[in-house]
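# Commentary on secondary and tertiary structure
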Amino acid sequence: MTLELQSENKILAALPREEQSENKILAALPREEFEPLNEKLKPVKLELGTTLYRPEQKIDYVYFVTRGVVSLLAALENGATVEAGVIGPEGMAGIAAVLGADSTPNQALVQGEGHALRMSTADIRSECRNGGKLRDLLLRYTHTLFTQVAQTAACNRLHTIEQRLARWLLLTQDRVASPEFTLTQDFLSRMLGVRRAGVSVAANTLKQAGLIDYRRGTMVVLDRSGLEQYSCECYRIVREEYDRYLTP
């Protein structure tokens with residue numbers, strides 16, 4: 001079930017200004033630009049496993065994530081999916097709509113529960129036509145997201161499952177801002193595009209190295225610096241690009 005079709009009890013009361021500011025794009029806007037925008041933003045809850053939009057489905061809303069993680073999944077004809085990118089409080093889900101597309105071949109799936117501020121596609125396009133800092137920030141974000149997607153494609157082709165898992169855990173931890181998060185091996189196998197057996201071996205390798213702990217669907221990062229050293233250069237490249245273009 002898509003988020004826009006969920007019942008009204010999923011809609012939260014208006015979030016306080018400080019929580020709205022947890023989204024880096026919105027937080028970077030000057031007050032005079034944010035205030036009129038705020039009237040068009042609707043707080044919603046992101047529940048684990050919820051699909052925000054499906055492949056080739058019309059994108060009716062965009063989502064400025066304030067807490068949580070949204071995965072961009074590339075879907076194949078046989079129903080298989082593999083993660084192409086992740087979105088957290090640094091960005092917005094539905095960027096294709098801002099670029100003029102009505103739909104996308106990708107699926108947006110909530111992989112870490114939290115909150116978001118939702119805006120209609122018509123409203124976000126209208127705001128971007130007005131120019132201002134919002135459009136500039138969204139263009140910068142599009143560049144960093146493209147960098148992440150391109151680097152993920154290279155990583156999936158050239159690096160080991162263990163390195164890819166380390167990269168994925170680092171990206172996820174950055175967005176949930178916690179060393180502990182809910183994660184099943186089945187879900188992780190979909191994200192990495194490998195069989196569960198491969199995920200089990202990779203996770204055990206990182207666990208034996210003292211980098212993570214994994215039990216009953218909960219992943220805990222024990223050694224962040226060690227995990228960064230174990231990961232391939234793909235994590236560093238993506239992180240540096242985000243810091244360069246999205247840090248105030």
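Residues numbered from 1 in each chain as written. Predicted model: local features only at pLDDT ≥ 70, side-chain atom pairs only at ≥ 80, totals over all residues. Heavy atoms only, no water.

Before going further, it helps to examine the sheet that holds strand 9 (residues 218–221). Read from one edge to the other, the open sheet built from three strands follows the order 7-9-8, with strand pairing classed as antiparallel. Looking at which strands have only one partner, the edges of the open sheet turn out to be strand 7 (180–182) and strand 8 (212–215). Direction aside, neighbouring strands of the sheet carry axes that sit 15 degrees apart on average. In the sheet, strand 7 pairs with strand 9 via three bridges, with the strands oriented antiparallel. The partner of Thr182 across the bridge, within strand 9, is Thr218. (Pairing = 2+ DSSP bridges. Helix = DSSP H or I, 4+ residues; strand = E, 2+ residues; numbered from the N terminus. Axes fitted to C-alpha atoms, helices over the stretch in contact; angles between N-to-C directions.)

Looking now at the pairing of strand 3 (residues 61–75). Most of strand 3 sits inside the fold, with eleven of its 15 residues counted as buried. Strand direction decides the pairing type here: strand 3 and strand 6 (residues 106–120), joined by twelve bridges, are antiparallel. Bridging from a neighbouring strand, Tyr63 pairs with Arg118 of strand 6. Looking at chain direction, strand 3 and strand 5 (residues 92–93) are connected through two bridges and run antiparallel. (Buried < 20%, exposed > 50% of the residue type's maximum accessible area, 1.4 Å probe, protein only.)

It is worth spelling out the nonpolar core at this point. With 67 residues, the main nonpolar core has Leu52, Phe64, Val70, Leu138, Leu169 and Leu227 as its most contacted residues. It is strand 3 that provides the largest number of residues to this core, a total of eight residues. (Core = buried A, V, L, I, M, F, W, Y, C linked by side-chain atoms within 4.5 Å.)

Time to look at the confidence of the model for the protein chain. On average, residues of the protein chain score 87 in pLDDT, and 91% of them reach the 70 mark or higher. Of all secondary-structure elements in the protein chain, the lowest mean pLDDT belongs to helix 1 (residues 17–20), at 50, while strand 5 reaches the highest, 97. Residue range residues 1–17 is modelled with pLDDT below 50. Its contacts to residues more than four positions away, or to other chains, number 40 contacts. (pLDDT = per-residue confidence, 0-100. Contact = heavy atoms within 4.5 Å.)

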